[in-house]
Amino acid sequence: MITVDLKGCSTFVKPEQYKAYVKKALDAFDVLESEKGAGNDFLGWKHLASETPESIIAGCEAVRDSWKAKGVDLVIVIGIGGSYLGARCAIEALSGNFDKLLKGPKAAPDVVFAGNNLSEEYLAELMDLAAQRNTACVVISKSGTTTEPAVAFRIVKAFIEKNYKDAAERIVAITDAKKGALKTLSTQEGYKTFVVPDNVGGRFSVLTPVGLLPIVIAGFDIRAMLAGAAEMEKTLAVKSEDNAAIQYAAMRNLLYTELGKKVEIMVTYNPKFQYLGEWWKQLYGESEGKDGKGIFPASVNNTADLHSMGQFIQEGDRVMFETVINIKKANRSVVIEADEQNLDQLNFLAGKHVEHCGAMAQLGTKLAHIDGGVPQVEVTIDHIDAKILGGLFYFFEFACGVSAYTLGVNPFNQPGVEAYKKNMFALLEKPGYEEQTKSIRKRL
């Protein structure tokens, strides 16, 4: 169950304003549900949770089991943007904070990520790690030619082929069903493959094999995740002013359009949710940031960032609002003990749970930021587990579609991301870019 609390916005907006934007969001809901709006050929994500066939789930689990039988203890997942952020978010959220440092046998391989940067040091250090471990690779790319993952895969592939006789069994590709460089290579080499559906964009792909395979390899329950998303799919399909996605979409568009709140900060209070912010930033940034419109998505992880970003949020330019992820219950328990000397003067907290202190810090911050002119939306979940996380993924995806249609943009394209690629190819002197190379050199 996910709830949206808008009381932190009540001193900033009038009820009639909110009611008007609820009407706009309900109209946008109709566009999304009719599947006739802009970008409607990329709506496959809407029913992934309820329609994913058993063969895909079992196929992901079979890869996990096969590599476990080989003793694989390191899996390199290669991808960029939506091809890795969802999986990394889930794995970070569901893992223990210090699992990788614990001694003793592990139930699942360590999953690390590559292909999301062009750092030579990063790749060199990754290969140092791979040389000490029993390594396999998941490569995710629809085309197989996106520069960052393609560079990483070329290096990782060469390493695996050099060091393992069963190299083809240690590489799984998630790619296009019929075409592209990676699909061609997979057919030639005999890699196990999964399909990136044609009607699902990268930033909406966490519930496809793009996310499911790395998550299950890391030891987590993708069946529960899909079940949680399926429940949320059913809940959000009801057109109502009480629909949490309608409420969220309506308020964020109201704050942006009427109050000039052009920056939305996702606030989390659990370090495990740092990558939820990273995944969410891509989802909303690519979906809404176009046609000269859009709310700029940012994120902080408190209470740490209260000591770095807190001053600006409290007293800086009043261009922002906050969306706070509120977690009702911790999965672990730590109680603060009394200390005879009490030099730190914390004995007044003796017997209290650390989570209670965190909750009071969160409430105190909420009041301070609202008093400082920052509206606040709360999205509440009960605790962190695979099922709830699946529902949270789907909630933000569905709300994103409604919100972008409310804003009046196509949620499912991203024409602007090609600009840097063309310049990069020209500067790297890629064949076919000769004229652009000359033009750029004149500017430098």
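In this text the structure is predicted, and so the values were computed from the model without any measurement. (Residues numbered from 1 in each chain as written. Predicted model: local features only at pLDDT ≥ 70, side-chain atom pairs only at ≥ 80, totals over all residues. Heavy atoms only, no water.)

1. Focus on the packing of helix H5 (residues 120-131) against helix H6 (residues 147-163)
- Viewed as axis vectors pointing N to C, H5 and H6 meet at an angle of 25°, and their least axial separation amounts to 11 Å. One element, H5, and the other, H6, form an angle in the roughly parallel class. Seen along the crossing, H5 lies across H6 with a hand that is right-handed. Contacts from Leu123, Leu126, Met127, Ala130 and Ala131 of H5 reach H6 at Val151, Ala152, Ile155, Val156 and Phe159.
- Residue classes in the contact of H5 with H6 are distributed as 10 nonpolar, no polar and no charged. (Axes fitted to C-alpha atoms, helices over the stretch in contact; angles between N-to-C directions. Helix = DSSP H or I, 4+ residues; strand = E, 2+ residues; numbered from the N terminus. Parallel < 35°, antiparallel > 145°, perpendicular 65-115°, else oblique. Left-handed = near helix turned anticlockwise from the far one by under 90°. Contact = heavy atoms within 4.5 Å. Nonpolar A, V, L, I, M, F, W, Y, C, P; charged D, E, K, R; others polar.)

2. Side note on helix H7 (residues 181-189)
- Among the residues of H7, those classed as buried are Leu182, Leu185 and Ser186. What you see down the axis of H7 is that its buried residues fit within an arc of 100°, all on one side. Exposed side of H7, more than 90 degrees from the buried face: Thr187 and Gln188 are the residues found there.
- Those residues of H7 hidden inside the fold are in contact with strand E4 (135-140), H6, strand E5 (171-175) and strand E6 (192-195). (Buried < 20%, exposed > 50% of the residue type's maximum accessible area, 1.4 Å probe, protein only. Arc of directions from axis to C-beta.)

3. A look at the pattern of salt bridges
- For the structure on display, the rule yields 28 salt bridges.
- A salt bridge links Asp166 to Lys70; the shortest N-O distance between them is 2.7 Å. Of this pair, Asp166 sits in the loop between H6 and E5 while Lys70 sits in the loop between helix H3 (54-69) and strand E2 (74-78), and the two are 96 residues apart along the sequence.
- Owing to a relative accessible area of 24%, Lys70 belongs among the partly exposed residues under this scheme.
- Among the salt bridges present, the one from Glu161 reaches Lys157, with a minimum N-O distance of 3.0 Å. Here Glu161 pairs with Lys157, and both are found in helix H6, just four residues apart, close to one helical turn.
- The exposure class of Glu161 is partly exposed, given its relative accessible area of 37%.
- A network of salt bridges, in which partner residues are shared, links Lys70, Asp166, Glu169 and Arg170. (Salt bridge = Lys/Arg side-chain N within 4 Å of Asp/Glu carboxyl O.)

4. Overview of the nonpolar core
- Core analysis: the biggest nonpolar cluster contains 103 residues, and Trp45, Leu213, Phe273, Trp279, Phe395 and Phe396 have the highest contact counts within it.
- Here the element with the most residues in this core is helix H14 (residues 386-407); it accounts for 15 residues. (Core = buried A, V, L, I, M, F, W, Y, C linked by side-chain atoms within 4.5 Å.)

5. Quick word on the packing of helix H4 (residues 85-94) against helix H11 (residues 274-288)
- Put simply, H4 and H11 touch, their axes get as near as 8 Å, and they point 160° apart. With respect to their mutual orientation, H4 and H11 come out roughly antiparallel. Note that H4 runs across H11; the crossing there is left-handed. Two secondary-structure elements touch here, H4 through Leu85, Gly86, Arg88, Cys89 and Glu92 and H11 through Tyr275, Leu276, Glu278, Trp279 and Gln282.
- Classifying every residue of the contact of H4 with H11 by side-chain character gives five nonpolar, two polar and three charged.

6. Overview of unusual backbone geometry
- That bond from Asn302 to Thr303 is cis: its omega, 15°, falls within 30 degrees of zero.
- Turning to its location among the elements, Thr303 is positioned in the loop between strand E8 (296-301) and helix H12 (310-315).
- Positive phi, normally seen in glycine, also occurs at Asn342, with a value near 55°.
- The class for Asn342 is partly exposed, based on a relative accessible area of 24%.
- Notably, Gln345 is not glycine yet its phi reads approximately 60°, a positive angle.
- With respect to the helices and strands, Gln345 occurs in the loop between strand E9 (320-327) and helix H13 (354-371).
- Using a relative accessible area of 61% as the deciding quantity, one classes Gln345 as exposed.

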